[in-house]
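The lines below spell out each chain.
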Amino acid sequence: MTTILYDADADLELIRQKRVAIIGYGSQGHAHALNLRDSGCDVLIGLPAESKSRERARQDGWSPLLPHEAAAQAEVIMLLVPDQIQGQVYTQSIQPGLAPGKLLLIAHGFSLQYRQVVPDETIDVAMVAPNGPGAQLRHMYSQGSGIPALWTVYQDVTGRARDLTLSYARALGCTRAGVIQTTLAEETETDLFAEQVVLCGGLTSLIRTAFETLVEAGYQPEVAYTCCLQEVKLIADLLYKGGIHFMHNSISDTAEFGDYRTGPRIIDEHTRGNMRQALKDIQDGSFAREWIQENQAGQPMLKAWRRQDATHPIETVGEHMRKLLP
Ligand code: NDP
């Protein structure tokens, strides 16, 4: 049975008594830093001298340090740089300033799970992974609410890692919504699976293939765009609010009948096999190896896919339609 913890289960004073370094000031970094500051924490920002994010941090009232300076001066270090460079940032900027008993935090398990970061044995290591982008994390906190998070302790040398991690989650606003205990493997593998199979990869492939099918059959691209892409938000909102059965109750009987009849013919047993393979690739590290090699090679495939992505007809139609139907 899942354990969900709330504000009452976390002592905010623990994190307020520590100095926290936020390394990186992007989507997650800015939200963590601002939420922690508003929760009364002592926060330092670590960014490279040439970082584009320095300007944004300054506008938010920070005086960013270099990553190794911030890490050395803090007792709690939250690593919020892109997953693919966390190993390098840990070795170059965090490790030199480590002292026994410090707490290293991450917001997604990739770098630890796939051994990109191999933390020193003398420190505590834990994860607080908010279930949403930084903008949402900040927005909900500012509204007096919060977004849920997954958390786990990976390495507890001091015996205090659990309480300090929960205290951090409280300062972030996540215990207002509820935090779920997980394991590093579960968070990493389910997160990668969901983004590849449903949220990003699955959804975009479904939308594009449906759009291409309609256009190929002679329908107007503008109509295909509206019904296959734009209306996704309406259905997603219903799913978010009440789940699949609730969504089914909110759509027309015709749409619901078509859902039961045709949905399983589109996402069929062949697709299930592909999903199982995608999960296997994540579990056995094949996906991570590919992604790490891709980065070592300078991201050639990612760059090529981005070019294809930007020039697909659905983008041209979409740009046009978003202006006409704001
Ligand atoms: P972003 O790409 O938005 O931000 C990365 C930040 O790190 C930028 O400020 C970047 O600066 C900075 N940076 C780059 N190189 C270095 C360096 N060498 N030293 C210090 N800072 C550096 O990343 P995210 O916020 O999206 O991701 C951070 C972590 O949060 C990842 O582990 C991710 O998986 C996790 N996460 C992300 C979520 C999301 O929705 N975005 C949700 C939950 C977890 P510059 O501007 O100069 O590039």
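Everything here concerns the structure above.
Computed from a predicted structure; not experimentally measured. (Residues numbered from 1 in each chain as written. Predicted model: local features only at pLDDT ≥ 70, side-chain atom pairs only at ≥ 80, totals over all residues. Heavy atoms only, no water.)

Caption draft 1: Examining the overall build of the protein chain more closely. Across its full length, the protein chain carries 18 helices and 8 strands. A compact globule built from 326 residues should have a C-alpha radius of gyration of about 20 Å, and the protein chain, at 22 Å, falls within 12% of that. Across its three principal directions, the C-alpha atoms of the protein chain cover 65 × 45 × 40 Å. A burial count over the protein chain gives 39% of its 326 residues as buried. Pairs at least 24 residues apart make up 66% of the contacts formed inside the protein chain by residues separated by at least 6 positions. In the structure as shown, the protein chain presents an accessible area of about 17,800 Å², 55% of it carried by carbon and sulfur atoms. (Helix = DSSP H or I, 4+ residues; strand = E, 2+ residues; numbered from the N terminus. Rg over C-alpha atoms; globule rule 2.2 N^0.38 Å. Buried < 20%, exposed > 50% of the residue type's maximum accessible area, 1.4 Å probe, protein only. Contact = heavy atoms within 4.5 Å. Areas by Shrake-Rupley, 256 points an atom, 1.4 Å probe, with all protein chains shown as cover.)

Caption draft 2: Structural context of the site of the ligand. Around the ligand, 25 residues are found, and the nearest of them are Y25, Q28, S51, S53 and D83. Between G26 and the ligand, the recorded distance is 3.1 Å, taken from a backbone N or O atom to an oxygen atom. One of the side-chain N or O atoms of D83 is found 2.6 Å from an oxygen atom in the ligand. Protein coverage of the free-state accessible area of the ligand, which is 900 Å², stands at 73%. Contributing elements (two or more residues each) for the shell around the ligand: α2 (27-38) and α5 (86-94). (Near = heavy atom within 4 Å. Polar contact = N/O pair within 3.5 Å; in protein donor to acceptor, adjacent residues only side chain to side chain.)

Caption draft 3: Local environment of the nonpolar core. Of all hydrophobic cores here, the largest spans 37 residues; its most connected members are I15, I22 and Y168. With 5 residues, the top contributor of residues to this core is helix α8 (residues 161-171). Those residues in contact with I15, other than ones at most four positions away along the chain, are V20, C41, V76, L164, S167, Y168 and A171. Among the nonpolar cores identified, the runner-up in size contains 23 residues, and A70, A71, L150 and L184 belong to it. (Core = buried A, V, L, I, M, F, W, Y, C linked by side-chain atoms within 4.5 Å.)

Caption draft 4: A look at the packing of helix α10 (residues 184-199) against helix α15 (residues 269-283). The interhelical angle for the contact between α10 and α15, taken along N-to-C directions, is 140 degrees, at an axis separation of 10 Å. Comparing their axes, α15 and α10 come out oblique. Considering how the two elements wind past one another, α10 and α15 form a crossing that is right-handed. Across the interface between the two elements, E189, L192, F193, Q196 and V197 from α10 touch M275, A278, L279, I282 and Q283 from α15. Partitioned by chemical class, the residues of the contact of α10 with α15 number 7 nonpolar, 2 polar and 1 charged. (Axes fitted to C-alpha atoms, helices over the stretch in contact; angles between N-to-C directions. Parallel < 35°, antiparallel > 145°, perpendicular 65-115°, else oblique. Left-handed = near helix turned anticlockwise from the far one by under 90°. Nonpolar A, V, L, I, M, F, W, Y, C, P; charged D, E, K, R; others polar.)

Caption draft 5: The arrangement of the pairing of strand β2 (residues 19-23) in detail. The element β2 is extensively covered by neighbouring structure, given that 4 of its 5 residues are classed as buried. Note on the crossover from β2 through α2 to strand β3 (residues 42-46): the handedness is right-handed. Both β2 and strand β4 (residues 76-79) contribute to a ladder of 4 bridges, which runs parallel. Paired with A21 across the strands is I77, a residue of β4. (Right-handed = clockwise from strand over helix to strand, strands pointing away. Pairing = 2+ DSSP bridges.)

Caption draft 6: Layout of α8. Most of α8 sits inside the fold, with 8 of its 11 residues counted as buried. All of the buried residues along α8 are A161, L164, T165, L166, S167, Y168, A169 and A171.

Caption draft 7: Region of interest: a nonpolar patch on the surface. Together, L203, L206, I266 and I267 make up an exposed nonpolar region whose accessible area comes to about 340 Å². Relative to the helices and strands, I267 is located in the loop between α14 (253-266) and α15. For I267, a relative accessible area of 44% translates into the label partly exposed. (Patch = residues over 30% accessible without salt bridge, like charges linked within 9 Å, V, L, I, M, F, W, Y side chains within 5 Å. Salt bridge = Lys/Arg side-chain N within 4 Å of Asp/Glu carboxyl O.)

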